[in-house]
Amino acid sequence: MSSNRTRLEDLAEIAGVSIATVSRALNNSSAVNDETKRRVWKIAREQNYSFRPSMPALISGATATIALIIPTSPGRPTQALTPFFQELVGGISDAARSADCDVLISHLAPKSPDDLAHVMSTNRADGVFFLGQSLFHERFNKLAETETRFVVWGGQLQGQKYCSVGSDNVKGGMRATSHLLNLGRRRIAFIGDIRVPEVLQRYEGYVEAHARAGEEVDPTLIVSARFEIESAEAAMNALLSDGRNFDGVFGSSDLVALGAIRSLSQAGRQVPTDVSVVGYDNIGLAAYSLPSLTTISQDLGKAGRVIVSKLLAASDGVPMQSERLPTELIVRESCGLA
């Protein structure tokens, strides 16, 4: 049904409500309950009925619009501030430009599953990409019961109902840890917050690499830290002050690894002579740190192309499947180049 032929009467008939109710719903009137509003908005969007004129529309010349939404929680820094996510957004923007798509970026602090449903039902974008999974997994599962045109950056989790794109974190964690073990390091610290699904999967790879090498994991060398240099420094300072014996460090992200290196340097420990360090992400800063950082690379250019192609296919009604991207070990000075 073309946009210039769709009438309020058509929407009312599909929704099974009165024309007056449709009109009030499209104007976000408090006289209509939220469930009915979302249903009417969803139908209006599907029928290409123009509503909420204050909402952003396509920029002239673009063939489609992709909305990039960054969910945040009170008291937690936004992930968009980290170099990795800035580079991921860059990869998505490049892919969108090649596909003649416009990209809209928005921040959101959802308080309930209804907030995510509201965003989806009122959004005129052809597809929506959520940059952030860890705190919202169950909400995304709930959203997937009624919405199909969104993708989430993150891991593949048990019972997951929505489409996610991200690296193979378990294999990446195994590759990072195996490299340290192959260098003869046997007391390897893991620094990262395993409450975050992707970090937990990297930790699982760390454990699996030890098992394959016939080595035991020392639980006293597992220290929590956020994706922040300062948090990683504090974690490493705690390890050093407790007198823990270790000769290797696997940082759950490059920022964590760089924070660990800074703490080790301040404590007079030489990297890589005394301690070898591996990170994860291969952000631009990793190649220019002192020493340069050995890390696990995620192909963010490919990630952007995969995400954009999935969202455009979803707008055409094509079902989406989650996808894991390959990882690569980038060897630099923080482990020794041998």
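Residues numbered from 1 in each chain as written. Predicted model: local features only at pLDDT ≥ 70, side-chain atom pairs only at ≥ 80, totals over all residues. Heavy atoms only, no water.

**Looking at the overall build of the protein chain**
Then, number 1: Assigned secondary structure in the protein chain consists of eleven helices and twelve strands.
Then, number 2: The burial tally for the protein chain puts 51% of its 338 residues in the buried class.
Then, number 3: Look at the contacts in the protein chain between residues 6 or more apart in sequence, and 70% of them connect residues 24 or more apart.
Then, number 4: As displayed, the protein chain offers around 15500 Å² of accessible surface, 49% of which is attributable to carbon and sulfur atoms. (Helix = DSSP H or I, 4+ residues; strand = E, 2+ residues; numbered from the N terminus. Buried < 20%, exposed > 50% of the residue type's maximum accessible area, 1.4 Å probe, protein only. Contact = heavy atoms within 4.5 Å. Areas by Shrake-Rupley, 256 points an atom, 1.4 Å probe, with all protein chains shown as cover.)

**Points about the sheet that holds strand β1 (residues 64–71)**
Then, number 1: If you trace the six strands from one edge of the open sheet to the other, you get β2-β1-β3-β4-β5-β11, paired in parallel fashion. Each of the sheet's edge strands pairs with one partner strand only, and the pair in question is β2 (101–108) and β11 (323–325). Averaged over all adjacent pairs, the angle separating strand axes in this sheet is 20°, with direction ignored.
Then, number 2: With four bridges connecting them, β1 and strand β3 (residues 127–130) associate as parallel partners. Residue pairing in the sheet places A67 in a bridge with V128 of β3. (Pairing = 2+ DSSP bridges. Axes fitted to C-alpha atoms, helices over the stretch in contact; angles between N-to-C directions.)

**Regarding the sheet that holds strand β8 (residues 248–251)**
Then, number 1: Strand order in this open sheet of four strands is β7-β6-β8-β9, and the pairing throughout is parallel. Strands with a single pairing partner mark the edges of an open sheet, and in this sheet they are β7 (222–223) and β9 (276–278).
Then, number 2: Here helix α8 (residues 197–212) sits on the sheet in contact with β6 (188–191), β7 and β8, set at roughly 170° to β6.
Then, number 3: Here helix α9 (residues 229–241) sits on the sheet and contacts β6, β7 and β8; the angle it forms with β6, its principal contact strand, is near 145°.

**What about the pattern of salt bridges?**
Then, number 1: Applying the stated criterion to the full structure yields twelve salt bridges.
Then, number 2: Residue K161 pairs with E145 through a salt bridge whose shortest N-O separation is 3.7 Å. Taken together, the residues K161 in the loop between β4 (150–153) and β5 (163–167) and E145 in the loop between α6 (137–143) and β4 connect sequence positions 16 residues apart.
Then, number 3: On the accessibility criterion, K161 (55% relative accessible area) is exposed.
Then, number 4: Relative accessible area serves as the criterion here: at 49%, E145 is assigned to the partly exposed category.
Then, number 5: Between D193 and R195 there is a salt bridge whose closest N-O contact spans 2.9 Å.
Then, number 6: Within this structure, K142, E145 and K161 form a network of salt bridges that share partners. (Salt bridge = Lys/Arg side-chain N within 4 Å of Asp/Glu carboxyl O.)

**Side note on the confidence of the model for the protein chain**
Then, number 1: Here the protein chain shows a mean pLDDT of 86. Residues at 70 or above account for 90%.
Then, number 2: Note that residues 53–60 has pLDDT below 50 and, in this model, ten contacts with residues that lie over four places away or in other chains. (pLDDT = per-residue confidence, 0-100.)

**Examining the nonpolar core**
Then, number 1: In this structure, L88, F129, W153, V249 and V277 are the most contacted members of the largest nonpolar core, which totals 51 residues.
Then, number 2: Counting only elements with at least two residues in this core, the list comes to β1, α4 (83–98), β4, β5, β6, α9, α10 (254–266) and α11 (300–315).
Then, number 3: Among the nonpolar cores identified, the runner-up in size contains 17 residues, and L108, V119, F136 and L157 belong to it. (Core = buried A, V, L, I, M, F, W, Y, C linked by side-chain atoms within 4.5 Å.)

**A look at the side chain of H179**
Then, number 1: Along the polypeptide, H179 turns up in helix α7 (residues 169–182).
Then, number 2: For H179, a relative accessible area of 12% corresponds to the buried category.
Then, number 3: Sequence-distant contacts of H179, defined by excluding residues within four places in its chain, comprise V278, T294, L329, V331 and C335.

**Considering the environment of R45**
Then, number 1: In this structure, R45 sits in helix α3 (residues 34–46).
Then, number 2: In this structure the C-alpha to C-alpha distance between R45 and T122, which are 77 residues apart in sequence, comes to 8.1 Å.

**Here we look at the packing of α9 against α10**
Then, number 1: Where α9 contacts α10, the axes come no closer than 7 Å and their chain directions differ by 45°. If you check the angle between α9 and α10, you find them oblique. Like other packed secondary-structure pairs, α9 and α10 cross with a definite hand, here right-handed. Side by side, α9 and α10 meet where I229, A232, E233, M236, N237 and L240 of the first sit next to L255, V256, G259, A260, R262, S263, L264 and Q266 of the second.
Then, number 2: Considering only residue class, the contact of α9 with α10 consists of eight nonpolar, four polar and two charged. (Parallel < 35°, antiparallel > 145°, perpendicular 65-115°, else oblique. Left-handed = near helix turned anticlockwise from the far one by under 90°. Nonpolar A, V, L, I, M, F, W, Y, C, P; charged D, E, K, R; others polar.)

**A word on unusual backbone geometry**
Then, number 1: Following V271, the chain continues into P272 via a peptide bond in cis, with omega recorded as 10°.
Then, number 2: Relative to the assigned elements, P272 resides in the loop between α10 and β9.
Then, number 3: Here the amide bond leading from L290 into P291 is cis, since omega sits at -5°, within 30 degrees of zero.
Then, number 4: Inspection of the secondary structure assignment puts P291 in the loop between β9 and β10 (295–298).
Then, number 5: In this structure, D100 takes a positive phi of about 60° despite not being glycine.
Then, number 6: Within the secondary structure, D100 is located in the loop between α4 and β2.

**Some points on the environment of A260**
Then, number 1: Mapped onto the elements, A260 comes out in helix α10.
Then, number 2: Exposure remark for A260: the relative accessible area of 0% places this residue in the buried category.
Then, number 3: Each C-alpha atom, one on A260 and one on A234, is 8.5 Å from the other, the two residues being 26 residues apart in sequence.

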